[in-house]
Amino acid sequence: MIRNDGHDGAHLRDISRAAGIPIGCAVDVDVLRQSERYREVVRREFNMCVAENHFKAPWVWTGPETYDFSSTDYLADFAIKNDILLRGHALIWHSAIPSWLENGSFSKEEVRELLKRYIQALVGRYRGVVSTWDVVNEAIDDEGSCPWRDTFWLNTLGRGYIADAFRWAHEADPTAKLYYNDYEAEDLGPKSNSVYSLVRELLDDTVPIHGVGYQYHLIAGWRAGQHNRDCIQRIVDLGLEWQVTECDIRIQLEDADDVSEKRDAQAEGYWDVARLCRTLPRCEGLVMWGFTDAYSWIPGFRKGWGEALIFDEAYAPKPAYFALRSALCDHSVRSVAICI
Ligand code: XIL
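Residues numbered from 1 in each chain as written. Predicted model: local features only at pLDDT ≥ 70, side-chain atom pairs only at ≥ 80, totals over all residues. Heavy atoms only, no water.

Novice: Help me understand the packing of aromatic side chains, please; the structure alone is not making it clear to me.
Specialist: A complete count under the given rule lists 19 aromatic pairs for this structure. Where Phe46 meets Phe291, the ring centres are 6.0 Å apart and the plane angle is 50 degrees; that geometry is what we call tilted. A residue pair is termed long-range when its members are at least 10 positions apart, and Phe46 in the loop between helix H3 (36–45) and strand E2 (48–51) and Phe291 in the loop between strand E11 (283–288) and helix H13 (298–301) qualify at 245 residues. By relative accessible area, which is 0% here, Phe46 ends up buried. Take Phe291: its relative accessible area is 1%, and that puts it in the buried class. Considering the side-chain rings of Phe55 and Trp133, the 5.9 Å spacing of their centres and the 55 degrees angle between planes classify their relative orientation as tilted. Of this pair, Phe55 sits in the loop between E2 and helix H4 (57–60) while Trp133 is found in strand E6 (residues 130–137), placing the two residues 78 residues apart along the sequence. The buried category is assigned to Phe55, whose relative accessible area is 1%. A relative accessible area of 0% places Trp133 in the buried class. (Phe/Tyr/Trp six-rings, centres within 6.5 Å; stacked < 30°, edge-to-face > 60°. Helix = DSSP H or I, 4+ residues; strand = E, 2+ residues; numbered from the N terminus. Buried < 20%, exposed > 50% of the residue type's maximum accessible area, 1.4 Å probe, protein only.)

Novice: Would you mind going over unusual backbone geometry with me for this structure?
Specialist: Glycine aside, negative phi is the norm for most residues, and most peptide bonds take the trans geometry. Of note, the bond from His89 into Ala90 is cis; its omega dihedral lies within 30 degrees of zero at -10 degrees. As for its position among the elements, Ala90 is in strand E5 (residues 85–93). In this structure, Asp83 is a non-glycine residue whose phi angle is positive, near 55 degrees. Topologically, Asp83 is positioned in the loop between helix H5 (70–81) and E5.

Novice: Just to check I follow, could you spell out the side chain of Asp272 for this structure?
Specialist: For Asp272, the position within the fold is in helix H12 (residues 259–279). Judged by relative accessible area, which is 10%, Asp272 ranks as buried. When near neighbours in sequence (up to four residues on either side) are disregarded, Asp272 contacts Trp222, Arg223 and Ala224. (Contact = heavy atoms within 4.5 Å.)

Novice: I'm lost on the site of the ligand in this one. Help?
Specialist: Near the ligand lie 13 residues; those nearest to it are Glu52, Lys56, His89, Asn137 and Glu246. One nitrogen or oxygen atom from the side chain of His89 is found 2.7 Å from an oxygen atom belonging to the ligand. Separating an oxygen atom of the ligand from a side-chain N or O atom of Glu246 is a distance of 2.7 Å. Relative to its unbound accessible area of 410 Å², the ligand is 83% covered by the protein chains. Grouping the amino acids of the shell around the ligand by side-chain chemistry returns four nonpolar, five polar and four charged. (Near = heavy atom within 4 Å. Polar contact = N/O pair within 3.5 Å; in protein donor to acceptor, adjacent residues only side chain to side chain. Areas by Shrake-Rupley, 256 points an atom, 1.4 Å probe, with all protein chains shown as cover. Nonpolar A, V, L, I, M, F, W, Y, C, P; charged D, E, K, R; others polar.)

Novice: Sorry if this is basic, but what is going on with helix H10 (residues 190–204) here?
Specialist: The α-helix advances 3.6 residues per turn, and as a result positions three or four apart in sequence lie on the same side. With 15 residues, H10 should reach 21 Å at 1.5 Å per residue; the first-to-last C-alpha distance of 21 Å fits that figure. Restricting attention to buried positions, one finds in H10 the residues Lys191, Ser192, Ser194, Val195, Tyr196, Leu198, Val199 and Leu202. Summarising the contacts, the buried residues of H10 are in contact with helix H9 (160–172), strand E7 (177–182), strand E8 (211–214) and helix H11 (226–236). At the C-terminal side of H10, Thr206 shows a positive phi close to 55 degrees. (Expected span 1.5 Å × (residues − 1).)

Interpretation in functional terms is not warranted from these geometric data alone.
Structure follows, in structure tokens:
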């Protein structure tokens, strides 16, 4: 099933355009500034990108009403110049709160007002430039019994902060697509049920939400099943779109002998993710959490794991790259000249 079709001239970006699904990666903005080699691959292969960290609040929101837009501006310029769609990640995330805010002694009303100004400053600055915002990231608890994750935002503002954030973002840019984003919600189960209930409730309350982001941080050996399709289809049935927002497929590095076998298993996983996008309705992007194993969050966060991306540390394409490229072509559905 995994083929290198030998169409060496076609890059993911070209295939993606023909397939109608933007293909993207997270970028480290510091590396992007420094390395022409890194920039060259992003320009050549991708037509969507997202900052791995530099759009998060601790980087941008330097004080109650002071903002540092230097890195966000840099990435926005790069995206515009290279005709790359820009995702904004993430306006609200429990793991990225500026310390002056978390450790400050602001009242509930003050935090609410500051958050509104922050969201509107950032979203307003990139009005018409950021195509999709992850407005709220990972607000659902992993257990499922209590659906809400215990966070600074929930404790300070109550659960109404979610609807508020979507409304504020929409006011600042009515053209941007606004997403709820989470991990391990790709399967049917308690967590994805909570995501489903949340977005259905938001829609019932006429909150401007347009899509759900599925992170897809996976382990080599994973294959897609009907439950993955059902999970997405029920979101689509609500009238929402969806994106794969942070895909990587990690390999356990303990036993270096079988790395090449694991790379093949990883390639099958990437193939499956691309086929979900290709065959289910309303997939508006397939974004990976990086592109080269030289810069990936996995080794730092998952000890003993790595090799999660489609290019190796020397920027050579891995089997996963060819699997992805091949899976995006669908010879039976439409004729895509570059895929033949
Ligand atoms: C991660 C980055 O990759 C790391 O560099 C950073 O230290 C922590 O955040 N889910 C998300 C992303 O939504 O924002 C996280 O990114 C990875 C998990």
